[in-house]
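# Summary of structural features
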Amino acid sequence: IFALFASTSSAYDVIREYSGNTFFDRWDFYGAPDNTTFGNVTWVSETNATSLGLAYVDIQGDVILKVDNTTNVTYGQERNSVRITTQDAYELGSLWLIDVNHIPYGCSVWPAFWSFGPQWPYDGEIDIIEGINLMTYNQMAVHTTPGCIYSGSVGQLGISGSTTDCSQPSGCTVMETSPNSFESGFAAAGGGVWATKFDDTGISIWFWSRPDIPQSISQATSTSSLDLSGWGTPHANYSSATCNMTEFFTPQNLVLDITLCGDWAGLSADYDPTCGSSGPTGICYNDCVVGPGSPRYDTAYWNISYIRTYTTRSSPSATATSTSSSSTATGT
């Protein structure tokens, strides 16, 4: 893990940009079956992801992460996919931007951009982008050990879920209310940007569809500082008033993944309403994962322009403190 020094300055300065041909340099590939959300995928190694065309930089310089859509999977096998985790862990006082052009979607598809501490769930988890099947909206969430209470829809634009106890299996969820935050509508609108502020006052998440991205972001570069003053009300807001950040969260690694079916997308209550008629059995694995990959998984890919991380330190720096395996986390 790479930890960041504590920060006191009000300006957000760039720590790192993950983009273009060097994007994958500071990420670890999972290289094992999905033993976390019990999806029907194998998250392949970097070598296999590259050779199979599941992780690459396209001619526009955008990063592609995708589900295998070329293999005819036989019953009992899993489909190949990708999960990657940053080698850097980001402390309180940091800010994370992700500019996305396309989010994976489709029946059985479960993508996520999220973060976790090294000893999940004891070190907290933040779900920034997540959804399943044919959901048309993004769902944000926080997962913690007992004692972190979500204060509800105060100071946010999103709609809160049913639980305020963030240690429950679903976590404390917030449904995005802005249009085009997920599924086909997201890419049709040109994609968008999420920003996550992670500091001792709480966790705030903003989303902007491409036409609404503030100039402070659209005009920013990989080296310029960032001003948050014009961003307005966040879409999800988890206040430290009822959830002590230093108690429930440690430095966070960032994760991008795509799984299939599993213990959310594959549950009958969540799969049947939009995808139950996808095949003859009404079972997620049988009707989606098994068989040809195309056209079923032609839309099951991430297209990412960049991820940028920031700190309130006036002179951002990172230092190596230890190393951990991405396979120790059991999120999202």
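Residues numbered from 1 in each chain as written. Predicted model: local features only at pLDDT ≥ 70, side-chain atom pairs only at ≥ 80, totals over all residues. Heavy atoms only, no water.

Here we take up the overall build of the chain. A tally of helices and strands in the chain yields seven helices and 21 strands. Against the 2.2 N^0.38 benchmark of 20 Å for 332 residues, the chain shows a C-alpha radius of gyration of 19 Å, consistent with a compact globule. Expressed as a percentage of its 332 residues, the buried residues of the chain come to 55%. Here the chain displays about 12700 Å² of accessible surface, and carbon together with sulfur accounts for 50% of that area. Once the 10 positive and 31 negative side-chain charges of the chain are each reduced to a mean point, those two points are 7 Å apart. (Helix = DSSP H or I, 4+ residues; strand = E, 2+ residues; numbered from the N terminus. Rg over C-alpha atoms; globule rule 2.2 N^0.38 Å. Buried < 20%, exposed > 50% of the residue type's maximum accessible area, 1.4 Å probe, protein only. Areas by Shrake-Rupley, 256 points an atom, 1.4 Å probe, with all protein chains shown as cover. Lys, Arg positive; Asp, Glu negative; His and termini not counted. Charge placed at Lys NZ, Arg CZ, Asp CG, Glu CD.)

A side chain with one charge may pair with a side chain of the opposite charge, provided their charged atoms come close. On inspection of all chains with the given rule, the structure shows four salt bridges. Across the pair arginine 308 and glutamate 17 runs a salt bridge, and its minimum N-O distance is 2.4 Å. Note that arginine 308 is positioned in strand S20 (residues 301-311) and glutamate 17 in strand S2 (residues 13-19), a separation of 291 residues in sequence. Put simply, arginine 26 and aspartate 88 hold a salt bridge, and the shortest N to O gap is 3.0 Å. One end of the pair, arginine 26, is in the loop between S2 and strand S3 (27-29); the other, aspartate 88, is in strand S9 (residues 83-90), with 62 residues separating them in the sequence. Accessibility expressed as a relative area gives 24% for arginine 26, which makes it partly exposed. Each member of the salt-bridge network shares a partner with another, and the members are Arg16, Arg26 and Asp88. (Salt bridge = Lys/Arg side-chain N within 4 Å of Asp/Glu carboxyl O.)

This part is about the nonpolar core. The tendency in soluble globular proteins is for nonpolar side chains to be buried as a group. The biggest cluster of nonpolar side chains holds 70 residues, and the ones touching the most others in it are Ile129, Trp194, Leu256, Trp302 and Ile307. Core analysis: the second largest hydrophobic core is formed by 16 residues, Val193, Trp208, Leu228 and Tyr306 among them. (Core = buried A, V, L, I, M, F, W, Y, C linked by side-chain atoms within 4.5 Å.)

Moving on, we get to the packing of aromatic side chains. Counting across every chain of the model gives 17 aromatic pairs. Pairing tyrosine 150 with tyrosine 238 gives two aromatic rings, centres 5.0 Å apart and planes at 45°, and the pair type is tilted. With a gap of 88 residues between them, tyrosine 150 in the loop between strand S13 (139-143) and strand S14 (159-160) and tyrosine 238 in strand S18 (residues 236-239) connect regions that are remote in the sequence. In this structure tyrosine 150 comes out as buried when scored by relative accessible area, which is 4%. Since its relative accessible area comes to 4%, tyrosine 238 is described here as buried. Plain terms: the ring middles of tryptophan 208 and tryptophan 231 are 5.1 Å apart, the flat faces sit at 75° to each other, and that makes the pair edge-to-face. With tryptophan 208 in strand S17 (residues 202-209) and tryptophan 231 in the loop between helix H3 (215-218) and S18, this pair connects stretches of sequence that are 23 residues apart. In terms of burial, tryptophan 208 and tryptophan 231 fall into one category: buried. Taken together, the aromatic side chains of Tyr18, Phe23, Phe24, Trp27 and Phe29 make up a single cluster linked through ring pairs. Between the NZ or CZ atom of arginine 308 and the centre of the ring of tyrosine 306, over which it lies, the distance is 3.9 Å. (Phe/Tyr/Trp six-rings, centres within 6.5 Å; stacked < 30°, edge-to-face > 60°. Lys NZ or Arg CZ within 6 Å of the ring centre and 35° of its normal.)

Quick look at the confidence of the model for the chain now. Any region with low pLDDT has predicted coordinates that should not be read closely. Mean pLDDT for the chain: 91, with 91% of residues reaching 70 or above. Confidence drops under pLDDT 50 across residues 1-9; counting only partners more than four residues distant or on other chains, this segment forms 43 contacts. Within the model, pLDDT remains below 50 along residues 314-330, and this stretch shows 38 contacts once partners closer than five positions in the same chain are excluded. (pLDDT = per-residue confidence, 0-100. Contact = heavy atoms within 4.5 Å.)

Right, let's talk about the sheet that holds strand S5 (residues 41-43) for a bit. The sheet built from three strands is open, its strands ordered S4-S5-S8 with mixed pairing. The strands lining the two open edges of the sheet, one partner per strand, are strand S4 (32-33) and strand S8 (79-81). (Pairing = 2+ DSSP bridges.)

Let's shift gears to unusual backbone geometry. The peptide bond linking serine 294 to proline 295 adopts the cis configuration, its omega dihedral lying at 10°. Although it is not a glycine, phenylalanine 38 sits at a positive phi angle of roughly 60°. Unusually for a residue other than glycine, cysteine 261 sits at a positive phi of about 60°. Looking at the element boundaries, cysteine 261 is found in the loop between strand S19 (252-260) and helix H5 (262-265). On the basis of relative accessible area, cysteine 261 is assigned to the buried category, the value being 2%.

Residue placement: glutamate 130 occurs in strand S12 (residues 125-130). Nearest to the buried, unbridged glutamate 130 among oppositely charged side chains is arginine 83, at 10 Å. At 2.8 Å, the side chain of glutamate 130 forms a polar contact with the side chain of tryptophan 110. (Polar contact = N/O pair within 3.5 Å; in protein donor to acceptor, adjacent residues only side chain to side chain.)

All right, on to the state of the cysteines then. Applying the stated criterion across every chain yields a total of four disulfides. Here cysteine 107 is linked by a disulfide to cysteine 275, with a sulfur-sulfur distance of 2.2 Å. In this structure the cystine formed by cysteine 107 and cysteine 275 twists about its S-S bond by roughly -90°; its chirality is therefore left-handed. With cysteine 107 in the loop between strand S10 (94-102) and strand S11 (109-116) and cysteine 275 in helix H6 (residues 268-275), this residue pair connects regions lying 168 residues apart in the sequence. We note that cysteine 107, like cysteine 275, is buried. (Disulfide = S-S within 2.5 Å.)

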